Amino acid sequence: MPAVIAWLAVVLTSVLSFQGIGALVGIFAAIVYVSFGVMHRADALARRLGEPFGTIILTLSIVVIEVAMVASVLLGPGAHSSIARDAALSGAMLILSCILGFAIVVGALRHGPLDIRRPALAQYLLALTVLGSATFAFPLALGGALSGFPAAVIGALVLVSYALFMWLQLGPRSGDFAEAVPPPRSTEPIGTNLAWLLVTLTPIVLLSHAMSPVLDAVVSRTAVAGLILAAVALLPETLTTVRAGWNGQTQRVSNLTHGALVSVFGASVPGVLLIGALTGQAINLGASATDLGLLLATLIVQSTALALGRFTLVHGVGHLALFAVYVVLL
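In this text the structure is predicted, and so the values were computed from the model without any measurement. (Residues numbered from 1 in each chain as written. Predicted model: local features only at pLDDT ≥ 70, side-chain atom pairs only at ≥ 80, totals over all residues. Heavy atoms only, no water.)

A word on empty space enclosed by the protein
No. 1: Applying the stated criterion to the full structure yields 2 cavities of 30 Å³ or more.
No. 2: The calculated volume of the largest cavity comes to roughly 60 Å³.
No. 3: Lining the largest cavity, in full, are Thr55, Ile56, Thr59, Tyr124, Tyr162, Phe165, Met166, Gln169, Asn255, Gly259, Val262 and Ser263.
No. 4: Listing elements by their share of the lining of the largest cavity, those giving two or more residues are helix 3 (53–74), helix 6 (148–170) and helix 10 (250–279).
No. 5: Classifying every residue of the lining of the largest cavity gives 6 nonpolar, 6 polar and no charged. (1 Å grid on protein atoms, 1.4 Å probe; cavity = no way out; pocket = protein on both sides within 12 Å on 5 of 7 lines; lining within 4 Å. Points joined across faces, edges and corners; volume = space filled by probe spheres on them. Helix = DSSP H or I, 4+ residues; strand = E, 2+ residues; numbered from the N terminus. Nonpolar A, V, L, I, M, F, W, Y, C, P; charged D, E, K, R; others polar.)

This is the structure we're talking about:
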């Protein structure tokens, strides 16, 4: 049913002309509804494939949505050279502070402190530090805006680092990212659920494309637009992560959040830089000192969880507080 509603919404947006905040709310509501269908199919694949393979399919799907949304803004009218940075920054704060924090609070209130697998979290934090530095800090030395050879170097660095991490996660270190007590595998068909996942995700990309010009007309600040774009792209991820927290599946929560952000940095940033190269646009990725400080604070909170070996209610509240600060600063 969500897929049918989604495609009907796509047809309506392609035939009719929508403008104003009412249209923005309507398209957003349709995407929210469809996200529940994505969550259902992603959960079915996770039950069948186990961790980390089940969540990787969803996180890579989220990357496709985000790249499509950012590309639609870059290819649209006006100058939006910072939209990629704003969307990536918003994605980082949404994932590590808002989504992860809320999932930890839900899980800790229901199950108490949530034990984590230290090897997995350590590898995630290492990857995020490298990829985050390459994305937001290194470009500052080049003036912030990237084009030509510097963009190719940064893009290649990020892509190679991401490929190495994915090889480790899916190959020799895959056991580190599995649940300590794996749930029983289901016998649900992989092909059917994967096909329905794609059928349900595709209209989200198309609806996001239809939403971009409306968003551009309603929201003047690219930082706020970046937050909205990231929130829309991460809706399926948010619903799935909160459910995993409710069920006490700590490693699945970590794979969905940390894994999603690694993919956002590792796959979407090179994709956006490629779009910039093809369209002759300089992509602004350099972050401000305030944004870098908030990201560093978020990683420090994660490091305390790594030291303790568990997520507590205090960690969840701390992450939500950092996200509140980020929203206020926007």
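Section: the nonpolar core
One recurring pattern in soluble globular proteins is that nonpolar side chains are buried together.
No. 1: Ranked by internal contacts, the top residues of the largest apolar core, which has 87 residues, are Leu261, Val262, Leu273 and Tyr326.
No. 2: Per-element accounting of this core gives the leading share, 14 residues, to helix 4 (residues 83–111).
No. 3: Ignoring any residue separated from it by four or fewer positions in sequence, one finds Val262 in contact with Tyr124, Ala127, Leu128, Leu131, Tyr162, Phe165 and Ala267. (Core = buried A, V, L, I, M, F, W, Y, C linked by side-chain atoms within 4.5 Å. Buried < 20%, exposed > 50% of the residue type's maximum accessible area, 1.4 Å probe, protein only. Contact = heavy atoms within 4.5 Å.)

As for the layout of surface pockets
Any empty space left between the atoms is revealed when a probe the size of a water molecule rolls over them.
No. 1: Within this model, the second largest pocket holds a volume of roughly 240 Å³.
No. 2: Lining the second largest pocket are 14 residues, with Leu128, Gly132, Ser133, Leu295 and Leu299 positioned closest to its centre.
No. 3: Every element with two or more residues in the lining of the second largest pocket is listed here: helix 5 (118–137), helix 10 and helix 11 (289–308).
No. 4: Across the lining of the second largest pocket, the residue classes tally to 10 nonpolar, 4 polar and no charged.

Examining the pattern of salt bridges
No. 1: In the structure shown here, the tally under the stated rule is 1 salt bridge.
No. 2: Two residues, Arg173 and Asp176, come together in a salt bridge whose shortest N-O distance is 2.8 Å.
No. 3: With a relative accessible area of 14%, Asp176 lands in the buried category. (Salt bridge = Lys/Arg side-chain N within 4 Å of Asp/Glu carboxyl O.)

Describing the packing of helix 4 against helix 10
No. 1: Remark: helix 4 packs on helix 10, axes separated minimally by 10 Å, with the N-to-C direction vectors making an angle of 175°. By the criterion of interaxial angle, the relationship of helix 4 to helix 10 is roughly antiparallel. Between helix 4, through Ala84, Ala88, Gly91, Ala92, Ile95, Leu96, Ile99, Leu100 and Ala103, and helix 10, the contact on the second element is made entirely by Val253, Thr257, His258, Ala260, Leu261, Val264, Phe265 and Val272.
No. 2: A breakdown of the residues in the contact of helix 4 with helix 10 according to their chemical character gives 14 nonpolar, 3 polar and no charged. (Axes fitted to C-alpha atoms, helices over the stretch in contact; angles between N-to-C directions. Parallel < 35°, antiparallel > 145°, perpendicular 65-115°, else oblique.)

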